[in-house]
Amino acid sequence: MFSSVTRFFTRPIAAAEEGGKRELLLMSMPLILGMAADTIMLFTDRIFLANHSDVSFQAAMPTGILSYLMLCIFHQVALYAGTFVAHYHGAKSPQGCLHATAQGLWLSVFSVPFLLALMPLGLWIISHSSLPANVIPPGRDYFLILMLGGLRLPAAGAISGYFTGKGLLKLNTIANLTGALLNIPLDYLFIFGYPALGIPEMGIRGAAWATVISGFAPFFLQFYWYLRSEDLRLYGWRPAFRLDFPLMRRIIRFGVPSGFQVLVDVGAFTVFVFIVGGLGGLELSVSTMCFSVNHLAFAPLMGFGIATSIVVARYQGARQPLTALRAGWSGLKVGWGYMIPLAIFFVVAPQIFIMAFNPAKSEYRLDELLAVARPMMLMMAIWGIADTANIVLMSALRGAGDTKFVMICMLVMGWVVWMPVEWLALRMNAGLLPMWAIMTVYIFILAVIFAVRWKKARWMTIQVIEPVLVPQALHTEVPQE
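What counts and how
- Residues numbered from 1 in each chain as written.
- Predicted model: local features only at pLDDT ≥ 70, side-chain atom pairs only at ≥ 80, totals over all residues.
- Heavy atoms only, no water.
- Helix = DSSP H or I, 4+ residues; strand = E, 2+ residues; numbered from the N terminus.
- Buried < 20%, exposed > 50% of the residue type's maximum accessible area, 1.4 Å probe, protein only.
- Contact = heavy atoms within 4.5 Å.
- Phe/Tyr/Trp six-rings, centres within 6.5 Å; stacked < 30°, edge-to-face > 60°.
- Lys NZ or Arg CZ within 6 Å of the ring centre and 35° of its normal.
- Salt bridge = Lys/Arg side-chain N within 4 Å of Asp/Glu carboxyl O.
- Axes fitted to C-alpha atoms, helices over the stretch in contact; angles between N-to-C directions.
- Parallel < 35°, antiparallel > 145°, perpendicular 65-115°, else oblique.
- Nonpolar A, V, L, I, M, F, W, Y, C, P; charged D, E, K, R; others polar.
- Expected span 1.5 Å × (residues − 1).
- Bend = angle between axes of the 7 residues up to and from the residue.
- Polar contact = N/O pair within 3.5 Å; in protein donor to acceptor, adjacent residues only side chain to side chain.
- Patch = residues over 30% accessible without salt bridge, like charges linked within 9 Å, V, L, I, M, F, W, Y side chains within 5 Å.
- Areas by Shrake-Rupley, 256 points an atom, 1.4 Å probe, with all protein chains shown as cover.
- Core = buried A, V, L, I, M, F, W, Y, C linked by side-chain atoms within 4.5 Å.
- Left-handed = near helix turned anticlockwise from the far one by under 90°.

**Q** So what's going on with the overall build of the chain? Residues and values would help.
**A** Helix and strand counts for the chain stand at 18 helices and 0 strands. Out of the 481 residues in the chain, the part that is buried amounts to 58%. Summarising the internal contacts of the chain: among those between residues at least 6 apart in sequence, 83% fall at separations of at least 24.

The structure is reproduced here in C-alpha cells:
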C-alpha cells in the first residue's frame, strides 16, 4: 500500500498521462501548500482581530479587500509574466524565462507612482462609505498600511511567476510557508502588544503591520533564489535585466485584460461587501466570518487553478493544444474531488467554522450568528461547486492567452448583470440572504459561460510568445483519458 502511494507521487509523468488528473494533482499540491500559507496569514488575522474587538474584526474585511482592489491590476499584469515563463519553458527557452521575469519586475517598478496616487482615493472611499461610523477610522488605518506594504506586491507576483512557470514549486512553497509562520507570532505581538519587549498594543494597525512584514519575507527569499538560479548564472544578469520594450508590450497586451478582469471581479465583490456593511453590525460580522471561511476553504481551489494555468500554458507553448484542452478538464475534475466533500461539511456542521470567530467577549451570541450563518453556509456550499469551474476554467483560459474574453465576460456579468440586480435588491430592502442568493445565481451563470468557452476551444489559435520560439513540430494527437 505504502509503496503504491510512493510510486504515485514519484514516478515520472507518462506520455499517456500528459494533461491528465495525475499531472494536475502533482502540480497542484505544492501550490495548495503555498496558497495555504496565504490563507493561514489571513485566517490568523481574522481570529486575533475577532478576539481583540468586534470593530477591528468588522473593519478588516471591507478595507482589506479595497486595498487589493487598488493593487490588483498592477499585481496581475506583473504576475502574467509567469504565464510567459510557462510558455517559454514549454518552448525550451530558458533565456526567455529569465527575460520575461525581468520585464515583469521592471513593470512593477513603473507601477509604484500609480499605486501611491491611488491611496487618497481609497481613503476617500472608506470615509464616504456606508460602513458603521465606528468602523471607518480603524478601517482607514488598516487600508493605508496594507497599501504601503502592497507596493511590493507586483514585484512579488513577477518573481513568483518565474518559479511557478518553470514548475519549481517547492521553492515558492517554502517561501510562502516562511511568511505564514512569521505572521502568527507577529500578529499576536502587534495586535495585543508585549510590554516586556517594548511592543505596544496596536490592534488592527498591528495586524496590518504583521501582514506587511511577513509578506516581504517570501519576496526576499524568492528574489534571492532567482538571482542564484542556474539560468541567471548561465546567461548573466545584465542580458536578463535588459529593458525589452517589445516583450514588455506583449506582456501588457495579455496581462492588462487579465488584470482588468480581476479588477472588475474584485471591484464588484468589494462593492457587495461595502453594501452588506451598511446593513448593520451583525450582518457585517456574519458576512466577514463566512467570507473568511470561504477564503480558507477555497484557497486550495486557487492552487488547482494556478496549476491548470501553468500546465495549459506549458502545452500551448509546446504547441500541443489538445493536451492543453485535456488539462483544463482534468483540473476541473481534481477541483471537484476536493470541493464536493467540503461543501457537504459546510451544510452538516456550520457551527464548527463560526465558533472560531465568536470569543466570549463578543457582543453577539453564537445562536444569533448561526441563525444568519446557516443559510449563508448552505449557499456557500452550493456556489462552491460552480465556483470550482469558474476558478479552474478561467485560469485555464488565461493560461492559454484568452484573457480578453475573460475580461469582457467578467465586466459584463459583474457590472451589467450582478451589481444592478444587487442594487435593486438593496433598494427593495430585500435583506442579506436574498442578496447572497443573487450572488449564488451569478456564480452559476459564470460557470456555464466558462465551460462552454473552454469546450469550444477557440483559444487554441492564440499565440502568446513570439513565433520564432514556437517549436516546428506540432503535436496534434488526441490525448487519451
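**Q** Before we move on, can you summarise the packing of aromatic side chains with the specific residues and values?
**A** Enumeration according to the criterion identifies 18 aromatic pairs in this entry. Aromatic pair Y162 and F163: ring centres 5.2 Å apart, planes at 85°, arrangement edge-to-face. Taken together, the ring pairs connect Y80, F84, Y88 and F254 into an aromatic cluster. A cation over a ring is seen here: R152 above F216, with NZ or CZ 5.6 Å from the ring centre. Sitting over the ring of F405, R453 keeps its end group 4.1 Å from the ring centre.

**Q** So what about the pattern of salt bridges? Which residues, and what values?
**A** What the rule picks out here adds up to 3 salt bridges. A salt bridge links K166 to D231; the shortest N-O distance between them is 3.1 Å. In this pair, K166 sits in the loop between α7 (153-165) and α8 (169-192) while D231 sits in helix α10 (residues 230-235), placing the two residues 65 residues apart along the sequence. Here K166 and D231 have matching classes, each one buried.

**Q** Report on the packing of helix α4 (residues 81-90) against helix α5 (residues 94-127), specifying residues and quantitative values.
**A** Relative to each other, α4 and α5 sit at 175°, their axes nearing to 8 Å. Of the possible angle classes, the one that applies to α4 and α5 is roughly antiparallel. For the pair formed by α4 and α5, the contact residues are A81, F84, V85, Y88 and H89 on the first element and G96, C97, A100, T101 and G104 on the second. Broken down by class, the residue content of the contact of α4 with α5 amounts to 6 nonpolar, 4 polar and no charged.

**Q** Break down unusual backbone geometry for me, citing the residues and quoting the values.
**A** With phi around 60°, K92 is a residue other than glycine that occupies positive phi space. For K92, the position within the fold is in the loop between α4 and α5. A residue is classified by how much of its surface remains accessible, and K92, at 73% relative accessible area, is exposed. The phi dihedral of R319 is positive, around 60°, even though this residue is not glycine. Checked against the element boundaries, R319 lands in the loop between α13 (281-317) and α14 (321-348).

**Q** Give a detailed account of helix α17 (residues 403-427), specifying residues and quantitative values.
**A** For α17, spanning 25 residues, the distance from its first C-alpha to its last is 34 Å, which sits close to the expected 36 Å at 1.5 Å a residue. Along α17, the largest kink reaches about 30° and is centred on G414. Those residues of α17 that sit buried are T403, V406, M407, C409, M410, M413, G414, W418, M419, E422 and A425. Immediately downstream of α17, the backbone of N429 shows phi near 55°, a positive value.

**Q** Quick one: what's the story with the side chain of S330, residue by residue and with numbers?
**A** Tracing the sequence through the fold places S330 in helix α14. Within polar-contact distance, the side chain of S330 engages the backbone oxygen of G19 at 2.8 Å.

**Q** Would you mind going over a nonpolar patch on the surface in detail, with residue names and values included?
**A** Together, W336, I340, I344, V347, V348, L378, I382, I385 and F444 line one region of the surface with nonpolar side chains, adding up to about 760 Å² of accessible area. Mapped onto the nonpolar patch, the elements with two or more residues apiece are α14 and α16 (366-399). When you line up the elements, W336 lands in helix α14.

**Q** Explain the nonpolar core residue by residue, including any values.
**A** Counting 141 residues, the largest nonpolar core has F346, W436 and W459 as its most contacted members. With 18 residues, α16 is the single largest residue contributor to this core. Apart from residues lying up to four places away in sequence, W436 is in contact with F272, S287, C290, F291, M376, M379, M380 and W383. Core analysis: the second largest hydrophobic core is formed by 5 residues, L186, L189, F190 and A210 among them.

**Q** Run through the packing of α8 against helix α9 (residues 204-227), naming residues and quoting values.
**A** Their axes nearest at 8 Å, the elements α8 and α9 cross at an angle of 155°. Viewed along their axes, α8 and α9 adopt a mutual orientation that is roughly antiparallel. Helix-helix and strand crossings are classified by hand; for α8 and α9 the assignment is right-handed. Within the contact of α8 with α9, the residues separate by chemical class into 15 nonpolar, 9 polar and 1 charged.

**Q** Could you give me a rundown of the environment of I354, with the residues and numbers involved?
**A** Within the element layout of this structure, I354 appears in helix α15 (residues 350-355). Of the residues examined, I354 reaches a relative accessible area of 0% and is grouped as buried. Distance from I354 to L370, taken between C-alpha atoms, is 7.3 Å for residues 16 residues apart in sequence. Beyond its immediate sequence surroundings of up to four residues, I354 is in contact with M289, C290, L366, L369, L370 and A373.

**Q** If you had to explain the side chain of S108 to someone new, which residues and values would you point to?
**A** With respect to the helices and strands, S108 occurs in helix α5. Residue classification places S108 among the buried positions, given a relative accessible area of 5%. When near neighbours in sequence (up to four residues on either side) are disregarded, S108 contacts P154 and A155.

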